[in-house]
Amino acid sequence: MRIAELSASIDARIRAYEDGDPSQVLDSQALAETTALLREATQGERGVPVATAARAARLRWARHVSLPEQEGDEDAWAALSLFMPLLGVRADIVPVDALRFFVEATARGTSVDPEPLAYAAARLLPSAIDRLDQVLLDWVLAMLGAALTSTPLDHRHRARWLSLFSTAASSRFQSAGAPGDLVLAVDAGSAAMNLVADDHPDRPVIASNFGAVLKVRFEQTGDLADLDGAAAAMRAAVAGTSPDAPQHADFQSNLAAVLTDRFGRTGDLADLDAAIEMVRAASAASPADHEHRAVMLLNLAAASARRFERTGDSADLETAIAAANAALAHTHEQVTDIFAIRSTLGSALGSRFQRTGDLADLDAAIGSLSAALDQLAPDAPGRPETLSALGSMLRGRFERTGRLQDLDAAVVAGRTAVTALPERHPDRAAVLSSLSTALWCRFERIGDLTDLEEALRVSREALQASPSDHPNRAYWIGHLGAVLQSRYERIGDLSDLDAAIDAGRTAVAALPEGHPGRAACLTSLGYSLRLRSNHTGSITELDDAIESTRAAVVATPQDHPARVGRSANLALAWRKRYEGTGDLADLDAAVDAGRDALDSCPQDHPDRIRLLANLAQTLRTRSDRTAAATDLADALATVKAAMAALPADHADRAMVWMTAAHVLFTWAYRFDDPAVLQGAIEYGKAGTAATPEDSPARPLRLSSLGSMLLEQSNMTGDLADLEAAVNACGDAVTAADDHPDQAVRLWNWGLALQARFERLGDLTDLDTAVRSWQRIPDIPGVGSEVQMFASRHAAEASVLRARRRASEAADQRSSSQMLAEGFQEALPLYRRSMDVLPMLMLRGLDRADRQHLLQRHAGALGRDAAACAVAVGDFELATGLLELARGVLWGQLQDLRADLAGLRTSRPDLASELERCRTVLDTPSPELADFTGPFEAERSRQARISAGRRFDALLAQIRALPATDDFADPAAFLRLPRWGRPLPPSARP
């Protein structure tokens, strides 16, 4: 009862003081009550209860504050003697002014007993470090500082206290980030090392502490010398203790952490292997309830995760996750350990997601990293790196689910991390690169050029911040190449693409075979090479692109999430090669790669719909090429699967609908099925309607819809369908007159107009059709086969127009004259078509592909052209035209491409450039959902225009060389005069 009464009285006095009445605490009776309370409450060896000590300390401190300066010092020291034991239990109840008084008093030289102070500080330090308690750390440093100030330089415990001071200053730096604390920590640790001899019993502990401080400084500056110094100090600690010593396992674990960090800086796998072996030994030698077991498990998790990143061994990854989870169970709410463990666990789970694609792992990784961040103050060291890791995981979830809010959050996290990280921090390059990746992904998603420019700037800053020998530099170079590649796709500056290819080659060369990061760099390089081959037409570069992409696919396990995109890129590369060569083997390879991409793609992956649509288009193309019904059936089933999975708001819905329209149209045309054709038209209308007015894909989609309506009109005889076909095809032509697809659109418009002429008899339609086909060969960038078709149909339509006019003539003479004029108009068009025929055989094709082209063109074209020459009376020309067609057929047996073979020997530079131009010119523009963005069509147009002009100039240049004046000239086959001369009078009717 006496204790309760005394406590109540003292509490009342304190409340009065807090209400502004100091007389109650200054009363002499107050001191008597306090002394009595402490005497009554003392419980033998257990001492004074916390609440009682706190009550007495608060009253004595209130007296100190209420008394004039210096008069209350006795009360202050009495309060401090009571407060200090409470610091490790309730640091929050100790007034900040009490710490300030203590620091100022010791600075004035007030005599204190150093050993009790240092002993109390040593007892408080573990709790302060575990909780990152800023106030408690301030007290510990003040107490150790006072102890050091009060002792001579040769004091027997001075080295030990300096080491404790170094550890406390380093911990306060990690908590608050004040650079001065890190300087104090290094200086004190160095001084401690200098004071102890090699055989001093305290040296292992002091060496280990100093190594930890140097490790912290390395994490701020990136100076490898600090890390080497830390490793040397830690090794000294391990060597200075026997294996059965209690601290030996701790020293081994600490050394393992330093070796893991050094691996991250140098890439020396021996450091990482030694770290894992050492920390395993430490764990095995320590009991399950060891106070630092969580730290040992954390170091094992970190080292194992690093080794997985280097070797790709899944066993290491599983070890890392298991060790991190076990560490989390041993932390006992120690703040620093929980933060580090959750951060490591989150990163390891993210790595497993990247390996397996399990979204649950990614969600758990984000949760773990978010929880780790909740443990730290906004300005605490370690927070920026964890923020960056969280941003990477959020970006990964966006790539898996398509949720844009995750990507926005990733950008915010990355920017915050970069801002908070010191300029010389060793992880700055990695954090910058992670931010650049998030910005780049957001540009790819929404097309904001400011994101792309920021991504490029940040990527370059990452390279500037990384040492030239950093093991991750190759990744960062490869990423810079990917960003430059995107800017080329957006802006069209070829220098960006060249720089991207240079960066990709540098990255690939820097990574050894079998390195897990090499496949990503090969993929990026292959994609860049494919883009440049689109621009230059180089079949060699396209082959290099295929080889690079194929190597990436081979290096990627079947169940790896990255296999999807890599196989999809390989499929597109093979498809591009087929478009340039016509080689069926290329198309087969494109189908195989497309199927591999689908087999690797989860059912709920956001790219699966696009992959299905691409495969359907490729199968349809192969069906057109081979007439294989199975391919067409597979294409139909594939596009139906894409349609079934298509959300109403999917970004690729227009592309998928048009793909469905193309496949259904081919089916309807092949099997004469009006019901299927109607379905194709409905999808075509939906796809066209969903395509923005300013989209470069809209004109071609309009033209495709017009072709479908034309076919329906042919089937049903419905004039409304025919009118709709003419209108759609006409709108497509006027929409973009300078686009490379204009040739296809002019072709379709001509067919629709000719059909309406045949239906209604209006010669204006036929006139317009002839003019549209006549324009095609003059469009820059049009391939040889397209030129041949256009000129031939224009010639045939000219003859048809002449026959129609002749049939309506008033007399026989007028009829004959009109018919003769029609043949005169048609003959140059036939000759132009025949001029192109030998050009189709300049490029290397296999036997089946050459037969396909010859059967399609040579015989019938030569026959019709010769008949036209006969009609105008030029029998010599008619014979020559027939001989030319026969010569092309016979020349294939004799390999008439010897012209090009000879040029390869005499002028390989011209031969290579000629083939490059031919590749560009013969490349159609299919409706494929390539991963290249909406701007490639414009670049392709410019490339084909340039290639067409260069092709003509090259022919002139080659023909100007000695003994090559008839290179690729039809007249050379017949030894006839050039056909550019005017027709002789005898040829006129």
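Residues numbered from 1 in each chain as written. Predicted model: local features only at pLDDT ≥ 70, side-chain atom pairs only at ≥ 80, totals over all residues. Heavy atoms only, no water.

Per an unreviewed UniProt entry, the protein chain is named Tetratricopeptide repeat-containing protein, and its organism is Glycomyces harbinensis.

Turning to the overall build of the protein chain, a few remarks are in order. Scanning the protein chain from N- to C-terminus turns up 45 helices and 0 strands. The 989 residues of the protein chain split such that 55% are buried. For the protein chain, the proportion of contacts with a sequence separation of at least 24, taken over those separated by at least 6, is 66%. If you sum the accessible surface of the protein chain, you get close to 41700 Å²; carbon and sulfur atoms cover 53% of it. (Helix = DSSP H or I, 4+ residues; strand = E, 2+ residues; numbered from the N terminus. Buried < 20%, exposed > 50% of the residue type's maximum accessible area, 1.4 Å probe, protein only. Contact = heavy atoms within 4.5 Å. Areas by Shrake-Rupley, 256 points an atom, 1.4 Å probe, with all protein chains shown as cover.)

Let's shift gears to the packing of aromatic side chains. For the coordinates displayed, the defined rule picks out 4 aromatic pairs. Taking the centre distance of 4.7 Å and the plane angle of 50° together, the rings of tryptophan 667 and phenylalanine 671 count as tilted. Of the two residues, tryptophan 667 and phenylalanine 671 both sit in helix 32 (residues 653-671), 4 residues apart, roughly one turn of that helix. Accessibility expressed as a relative area gives 21% for tryptophan 667, which makes it partly exposed. Seen in terms of ring centroids, tryptophan 747 and tryptophan 773 are 5.8 Å apart; in terms of plane orientation they differ by 45°. Their pairing is tilted. Of the two residues, tryptophan 747 is situated in helix 36 (residues 742-760) and tryptophan 773 in helix 37 (residues 763-775); the sequence distance between them amounts to 26 residues. The same class applies to tryptophan 747 as to tryptophan 773, namely buried. In this structure an aromatic cluster arises from ring pairing among Trp747, Trp773 and Phe789. (Phe/Tyr/Trp six-rings, centres within 6.5 Å; stacked < 30°, edge-to-face > 60°.)

Moving on, we get to helix 24 (residues 473-491). Along its 19 residues, helix 24 runs 27 Å from first to last C-alpha, staying within 8% of the 27 Å computed at 1.5 Å per residue. Within helix 24, 15 of the 19 residues are buried, which leaves it mostly tucked inside the rest of the structure. Just downstream of helix 24, glycine 492 is the residue with a positive phi angle, here 90°. (Expected span 1.5 Å × (residues − 1).)

This paragraph deals with unusual backbone geometry. Non-glycine residue alanine 627 carries a positive phi angle of around 65°. Note that alanine 627 resides in the loop between helix 30 (608-626) and helix 31 (629-644). The class for alanine 627 is exposed, based on a relative accessible area of 53%. In this structure, aspartate 672 takes a positive phi of about 55° despite not being glycine.

On to helix 1 (residues 2-18). Along an α-helix, a turn takes 3.6 residues, which lines up residues three or four apart on a common side. Given a rise of 1.5 Å per residue, 17 residues ought to cover 24 Å, and the 25 Å separating the end C-alpha atoms of helix 1 matches this to within 8%. Along helix 1, the positions that sit buried rather than exposed are Leu6, Ser7, Ile10, Arg13, Ile14 and Ala16. The secondary structure elements touched by the buried residues of helix 1 are helix 2 (23-26), helix 3 (28-41) and helix 4 (50-66). Taken from the residues just after helix 1, glycine 20 is the one with a positive phi, measuring 105°.

Our next topic: the nonpolar core. The nonpolar side chains of a soluble globular protein tend to be buried with one another. One finds Phe83, Phe102, Trp139 and Met143 to be the most contacted residues of the largest nonpolar core, which totals 138 residues. A per-element tally of this core places helix 9 (residues 134-149) first, with 11 residues. Those residues within four positions of phenylalanine 83 in sequence are excluded, and the remaining contacts are Ala57, Arg58, Trp61, Ile93, Val94, Pro95 and Ala98. The next biggest cluster of nonpolar side chains, apart from the first, holds 80 residues, and it includes Met643, Leu677, Leu753 and Phe823. (Core = buried A, V, L, I, M, F, W, Y, C linked by side-chain atoms within 4.5 Å.)

Turning our eyes to something else, we now look at the packing of helix 10 (residues 158-176) against helix 11 (residues 179-195). Between helix 10 and helix 11, the shortest axis-to-axis distance is 7 Å and the interhelical angle comes to 160°. In terms of orientation, helix 10 lies roughly antiparallel with respect to helix 11. When you trace helix 10 past helix 11, the crossing you get is left-handed. Residues Arg158, Ala159, Leu162, Ser163, Phe165, Ser166, Ala169, Ser170, Arg172 and Phe173 of helix 10 touch helix 11, and the partners they reach there are Pro179, Asp181, Leu182, Leu184, Ala185, Ala188, Gly189, Ala191, Ala192 and Leu195. When the residues that make up the contact of helix 10 with helix 11 are grouped by side-chain class, the tally is 13 nonpolar, 4 polar and 3 charged. (Axes fitted to C-alpha atoms, helices over the stretch in contact; angles between N-to-C directions. Parallel < 35°, antiparallel > 145°, perpendicular 65-115°, else oblique. Left-handed = near helix turned anticlockwise from the far one by under 90°. Nonpolar A, V, L, I, M, F, W, Y, C, P; charged D, E, K, R; others polar.)

In this structure the tally under the stated criterion is 55 salt bridges. Taking the shortest distance from any N to any O, the salt bridge between arginine 532 and glutamate 541 comes out at 2.6 Å. Residue arginine 532 shares its accessibility class with glutamate 541, and that shared class is buried. Each of the salt bridges in this network shares a partner with another, and the network as a whole consists of Asp363, Arg397, Arg403 and Asp406. (Salt bridge = Lys/Arg side-chain N within 4 Å of Asp/Glu carboxyl O.)

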